Amino acid sequence: MTAATILSGKEISAEIRAQIASETVQLSKQGVTPGLAVVLVGDDPASHVYVRNKEKACQDLGYYSEVHRLSADSSQDEVLALVDKLNAQPSVHGILVQLPLPKHINEKAVIDAISVLKDVDGFHPVNVGNLVIGDDSLLPCTPAGVIEMIKRTGIEISGKHAVVIGRSNIVGKPVSLLLQREHATVTMCHSRTVNMAELARQADILVVAIGRANMIDERYIKPGAVVIDVGMNRLPNGKLAGDVDFERAKAVSGPITPVPGGVGPMTITMLMQNTLIAAKRLNGLV
Ligand code: GUN
């Protein structure tokens, strides 16, 4: 058997970011600079790294960016007041509140407060509803990145059997909706699924977002199937591992994403794309 193709999120991201950069130059000529505001509450080290990466992506693309780092003991009212201010600020087209929030703050109340037009995470219930009924909306970044990767690699989705492992609101559910929108037949698996390996082995496209390091191996994969690993698990030795056991899986799979360097880079790229779309819409340019 020939070796499996590695789907590089880094390379595909670079391609998309080059397109975004040139669109940004065009937009600037019309007097609009895409602007992203990120709100980070507390001291979670991983969240601080993610937020720095988002800030850097903005700088690289010539976006306006502001980051609000609030102390862990900030009240829900303070966070809501900041969101309100950003909703009304014309230089800001996208608002992202980094999750998780400290326990005393109600995440749902904060997400619900973000303007639907500036919700570049695609987490607001109105945007989730739009996704369900297939209306234009800001799509959640990781699921949109998964679809973009598959499409840009030239893999046909229409008519294929896709199996999604994991049913979270931020990955599993929206990925399954987007795959259906692309005309795949979709099966959802989750922690209570019986015979998961048997179902997964029927997939032409297998998307894994279950949050358990290296759980999926060759027993879950049909020879030649596309395997997309959304997992990001920190091992006790500090290394990052996906939900898929890459070495064992790639012995039988078709095109497969590594971790790191697979879906991860696509998430920020789609965030940048959403911010550009929001900037255009808010200025009546689409
Ligand atoms: N924390 C981990 N992933 C995400 C994400 O995609 N968006 C937000 N807002 N917070 C996160």
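What counts and what doesn't
Residues numbered from 1 in each chain as written. Predicted model: local features only at pLDDT ≥ 70, side-chain atom pairs only at ≥ 80, totals over all residues. Heavy atoms only, no water. Helix = DSSP H or I, 4+ residues; strand = E, 2+ residues; numbered from the N terminus. Buried < 20%, exposed > 50% of the residue type's maximum accessible area, 1.4 Å probe, protein only. Lys, Arg positive; Asp, Glu negative; His and termini not counted. Salt bridge = Lys/Arg side-chain N within 4 Å of Asp/Glu carboxyl O. Polar contact = N/O pair within 3.5 Å; in protein donor to acceptor, adjacent residues only side chain to side chain. Contact = heavy atoms within 4.5 Å. Expected span 1.5 Å × (residues − 1). Near = heavy atom within 4 Å. Areas by Shrake-Rupley, 256 points an atom, 1.4 Å probe, with all protein chains shown as cover. 1 Å grid on protein atoms, 1.4 Å probe; cavity = no way out; pocket = protein on both sides within 12 Å on 5 of 7 lines; lining within 4 Å. Sits in = over half its atoms within 2 Å of the grid points. Pairing = 2+ DSSP bridges. Right-handed = clockwise from strand over helix to strand, strands pointing away.

**Quick look at the side chain of D243**
Part 1: With respect to the helices and strands, D243 occurs in the loop between β9 (240–241) and α9 (246–250).
Part 2: Buried and unpaired, D243 has R212 as its nearest opposite-charge partner, separated by 8.1 Å.
Part 3: A polar side-chain atom of D243 sits 3.2 Å from the main-chain amide nitrogen of R212.
Part 4: Discounting residues that sit within four places of it in the chain, D243 has contacts with V208, A209, I210, G211, R212, A213, N214, M215, I216, D229, G231 and N233.

**Let's talk about the environment of R248**
Part 1: Position of R248 relative to the elements: it lies in helix α9.
Part 2: Residues R248 and R192, 56 residues apart in the sequence, show an inter-C-alpha distance of 24 Å.
Part 3: Beyond its immediate sequence surroundings of up to four residues, R248 is in contact with D217, E218 and R219.
Part 4: Within the local environment of R248, its side chain forms a polar contact with the side chain of D217, the two groups lying 3.2 Å apart.

**Thoughts on helix α2 (residues 45–61)**
Part 1: The terminal C-alpha atoms of α2 lie 25 Å apart, and with 17 residues this matches the ideal 24 Å at 1.5 Å per residue to within 8%.
Part 2: Where α2 is buried, its residues touch α1 (9–29), β1 (35–41), β2 (64–70), β3 (94–97) and α10 (263–282).
Part 3: Downstream of α2 by one or two residues, G62 has phi in the positive range, about 80 degrees.

**Focus on the pattern of salt bridges**
Part 1: For the coordinates displayed, the defined rule picks out 13 salt bridges.
Part 2: A salt bridge links E15 to R152, with the nearest nitrogen and oxygen atoms 3.3 Å apart. Here R152 lies in helix α6 (residues 141–152) and E15 lies in helix α1, a separation of 137 residues in the sequence.
Part 3: The exposure class of E15 is partly exposed, given its relative accessible area of 43%.

**Describing unusual backbone geometry**
Part 1: Of note, the bond from L99 into P100 is cis; its omega dihedral lies within 30 degrees of zero at 0 degrees.
Part 2: Look at the link from V259 to P260: it is a cis peptide, with omega at 0 degrees.
Part 3: Non-glycine residue N195 carries a positive phi angle of around 60 degrees.
Part 4: With respect to the helices, strands and loops of the structure, N195 is situated in the loop between β5 (185–189) and α8 (196–200).

**A word on the site of the ligand**
Part 1: Taken together, L96, V97, Q98, L99, D121 and F123 make up the full set of residues adjacent to the ligand.
Part 2: With respect to the ligand, the backbone of V97 contributes an N or O atom lying 2.8 Å from a nitrogen atom.
Part 3: Within the complex, 78% of the 280 Å² of free accessible area of the ligand lies under protein.
Part 4: When atom positions are compared with the pocket grids, the ligand is found to occupy the largest pocket.

**Some points on the pairing of β1**
Part 1: Of all seven residues in β1, seven are buried, a share of seventy percent or more.
Part 2: Side chains G35, A37, V39 and V41 of β1 all project onto a buried face; the interleaved residues L36, V38 and L40 project onto the opposite face, where all are buried too.
Part 3: Here β1 runs beside β2; their pairing, made up of seven bridges, is parallel. Each bridged residue has a counterpart across the sheet, and for G35 the counterpart in β2 is Y64.
Part 4: As a crossover connection, the stretch from β1 through α2 into β2 is right-handed.
Part 5: Relative to β3, β1 runs parallel, the two sharing four bridges. Note on β3: the bridge partner recorded for V38 is L96.

Scope: geometric values only; no functional claims are made or implied.
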